[in-house]
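Chain residues, written in single-letter form:
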Amino acid sequence: MSDIFVVIEHRLGELREISLQMLTKADELAQSMSAGVTAVLLAGAEDGFEDQIAARADRLIVCRHDRLKNYDSDWSTELLSRMLAEHRPFLTLIGHTPWGLDLAPALAVRTGWPLATDCLEIAVTDRRPEVIRQIYGGKMFARVHLLGTPGYLLTVRPGAFPAEQIQRGPAHVINLEVPADLAPSRREVLEYVDSSAGEVDITQAELLVSIGRGVGDEENILLVKELADLMGGTLSCSRPVVDKHWLPKAHQVGTSGKSVKPKVYLALGISGAFQHLAGITGAGLVIAVNKDEKAPIFRAADYGAAADLFEVVEALKEKLKG
Amino acid sequence: MNIVVCVKRVPITQEVDLEIDAGGKDVKKDALPFTINEWDNYALEEAVLLKERLGGTVTVVTVGGEDDEEVLRRAQAMGADRAIRVSSEGLELDPFGLAKVLAQVVRELDYDLILTGVQAEDDNYGLVGVMLAEHLGLPHAAVVTAIEPEGPTARIKVELEGGLDEISRINLPALLTIQTGINEPRYVSVMAVRKARKKELEVRAVNSLGLDPKELSPRIMTWELLPPPDTGGAVMLTGDPPQIADQIIRIVRETGVNL
């Protein structure tokens, strides 16, 4: 049977949004090629996600074990590669998340099937998937073909597709036992910790003055901090600033930092990697200043200025002081 | 602790206006400067830091042409003991092929740990590291932001989303893909790179590795490049900086935010 598999992702007892987004896209693709949708859930004994998934798939394969309460690198790879070998789905969707990045390439080697990552658009023509993804940090888009095999693997960018109510199912539930011959995991999770806790809470700010790689030097941060104070705003930043240890992680906006929802987000010297843009979808208004007029941030901003951020910062300070 | 680091040389594209080349499948690169992939630079620094602390060796490997030796020289200047370039001249390798080639070379080396970047700046696939781990039968972790070796295992930190980290223990030898920010990569002077040119650099031909060329044929290929869609773009503010500042202040005030 021609089938689309969706690998369900959940974390600390919560179904992740990407799972519903992938089920929505799978539904659309399945309709266009009269295929079925199978959701695959590896979960802990107590986790109950079935209700949210059952109406969105034709089949639900569930494998429960305490070890699967959260992502387990070895077990997930082994269990899923066995399932794929047995069912040979035409297409398998996995989230383009840290766990997806850990899992999908390993599955591609085990199955021998082609894998394209971070897909923004997926189409199937003549029983072959064709995807669109970004390269060069979002400065260019690429249409990518996957070469002919029995199966294909794709990782899907979170937020690329909406999570909609769909009418499928109720799914036929298949419960699988963890096979007795499964080798012990070579990587054991000890704990989960929140590394973004800090004195600043950027999620509650009305105005965020945010800096990126373009700030250039640690000393320059002070210049922008002065502007943030003058404007009554809070200083935040993109990843490169935290990577360089110029600001603590509590200031970081984006996928691996915080999602923010200020009335105004003033982005200074931020190029606009998708991980950053994912953190500002809740912002009321985005104003971006960047020297590079082709920076992806200008595609996400409401207003933009292709200018030197320091000149604009100094001009703003003068006017606000004056 | 013996560590292997796999690195890639990539074009620098920040603040550059990229153009699609005549073939339509890549960007024009002839005028672009190149450097080591940012993620790989963090991986290399981490390897050198571990070596400085615990002893052992660092071996750096790349697949590419002669131009790519530049990143190996830079790695030697940073503290790598051994450098290997697998000459790929004339061969189009996708991430699947690349991982196969690397596996064939790394298999022969002595290692406790293999480090790669999470992904490359140019194609952003994020595949080679974990695929290499699978070919070598090693445990792996993607997106690692801390490594603390503890005997036959290592305690690692894996970056998840939303500020959450996973603390794990992984059996060694292992392959870890390294996230930016794990350390502060050292400055490498031009002089130091020049001096490193005197060191030995091993070159292996890809067709000497005993791989069936069919195994290396691409499974994914870029069909065409598309410029980014400009739909939904920003309204661009023009004028000199004071004029831009005036407009920004007006726009912010219109939202009801007090300045």
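Structure: above.
All values derive from a computational prediction rather than experimental measurement.

Engineer: Would you mind showing me how to read the pairing of strand β15 (residues 264-268) of chain A here?
Structural biologist: A regular strand places its side chains on the two faces of the sheet in alternate fashion. All names here are of chain A. For β15, a buried count of 5 out of 5 residues is recorded, marking the element as mostly surrounded by other parts of the structure. Where burial is concerned, the two faces of β15 agree: the one with V264, L266 and L268 and the one with Y265 and A267 are both buried. Where β15 and strand β16 (residues 285-289) come together, 5 bridges link them in parallel fashion. Its bridge partner being in β16, A267 is matched across the sheet by A288.

Engineer: Just checking my understanding: could you explain helix α3 (residues 95-106) of chain B for this structure?
Structural biologist: Side chains three or four residues apart in an α-helix point the same way, a direct result of the helix having 3.6 residues per turn. The end-to-end C-alpha separation of α3(B) is 16 Å, in line with the 16 Å expected for 12 residues at 1.5 Å each. When you tally the buried positions in α3(B), you get 11 out of 12 residues, the bulk of the element.

Engineer: Sorry, what's going on with the nonpolar core here?
Structural biologist: Buried together is how nonpolar side chains tend to be arranged in soluble globular proteins. Among the nonpolar cores identified, the biggest contains 113 residues, and L93(A), I147(B) and L176(B) are the most heavily contacted of them. Looking at which element gives the most residues to this core, the answer is helix α1 (residues 17-32) of chain A, with 7 residues. What I147(B) contacts, discounting residues up to four positions off in sequence, is E46(B), L50(B), R53(B), L113(B), L115(B), A154(B), R155(B), I156(B), L176(B), I178(B) and I182(B). With 37 residues, the next largest nonpolar core counts V209(A), C237(A), A315(A) and I251(B) among its residues.

Engineer: Please explain the pattern of salt bridges as it appears in this structure.
Structural biologist: Tallying each qualifying case throughout the model produces 47 salt bridges over all chains. Where R239(A) meets D243(A), a salt bridge forms, and the shortest distance between an N and an O atom there is 3.3 Å. Placement of the pair is R239(A) and D243(A) together in helix α6 (residues 239-243), with a separation of 4 residues, close to one helical turn. The exposure class assigned to R239(A) is buried, which follows from its relative accessible area of 18%. Beyond isolated ion pairs, a larger network of salt bridges with shared partners links E78(A), R82(A), R110(A), D181(A) and E134(B).

Engineer: What is the right way to look at the interface of chain B and chain A in this model?
Structural biologist: Buried accessible area, meaning the area lost when the parts come together, often serves as the stated size of an interface. At the junction of the two partners, chain B supplies 88 residues and chain A supplies 85 residues. The contact between chain B and chain A buries some 7,600 Å² in all, and 59% of this surface belongs to carbon and sulfur atoms. Among the residues of chain B in contact with chain A, E134(B), E161(B) and R219(B) are the three that bury the most area, contributing 8% of the side total. One can count 11 salt bridges joining chain B with chain A. One salt bridge connects R143(A) with E224(B), and the closest N-O pair in it is separated by 2.6 Å. In this structure, the connection of chain B to chain A is made through 44 residue pairs in polar contact (both at pLDDT 80 or more). Of all elements in the fold, only α1 (38-54), α4 (128-136), β7 (140-150), β8 (153-159), β9 (164-171), β12 (220-226), β13 (235-236) and α6 (241-254) of chain B reach the threshold of two or more residues within the side of chain B that touches chain A. Broken down by element, the side of chain B that touches chain A gets its largest block of residues, 10 residues, from α6(B).

Engineer: Any chance you could explain the packing of aromatic side chains here in plain terms?
Structural biologist: The geometry of two aromatic rings is summed up by the distance between their centres and the angle between their planes. Residue and element names in this part refer to chain A. Following the criterion strictly, the structure yields 2 aromatic pairs over all chains and no others. Ring centres of Y71 and W99 lie 5.6 Å apart, and the angle between their planes is 25°; this geometry places the pair in the stacked category. Remark: W99 occurs in helix α4 (residues 98-111) and Y71 occurs in the loop between β5 (59-64) and α3 (73-87); sequence separation between them is 28 residues. Exposure class is identical for Y71 and W99. Each is buried. Ring centres of F90 and Y152 lie 5.6 Å apart, and the angle between their planes is 75°; on these two criteria the pair is classed as edge-to-face.

What counts and what doesn't
- Residues numbered from 1 in each chain as written.
- Chains lettered and ligands numbered in written order.
- Predicted model: local features only at pLDDT ≥ 70, side-chain atom pairs only at ≥ 80, totals over all residues.
- Heavy atoms only, no water.
- Buried < 20%, exposed > 50% of the residue type's maximum accessible area, 1.4 Å probe, protein only.
- Helix = DSSP H or I, 4+ residues; strand = E, 2+ residues; numbered from the N terminus.
- Pairing = 2+ DSSP bridges.
- Expected span 1.5 Å × (residues − 1).
- Core = buried A, V, L, I, M, F, W, Y, C linked by side-chain atoms within 4.5 Å.
- Contact = heavy atoms within 4.5 Å.
- Salt bridge = Lys/Arg side-chain N within 4 Å of Asp/Glu carboxyl O.
- Buried area = accessible area lost by both parts, 1.4 Å probe.
- Polar contact = N/O pair within 3.5 Å; in protein donor to acceptor, adjacent residues only side chain to side chain.
- Phe/Tyr/Trp six-rings, centres within 6.5 Å; stacked < 30°, edge-to-face > 60°.

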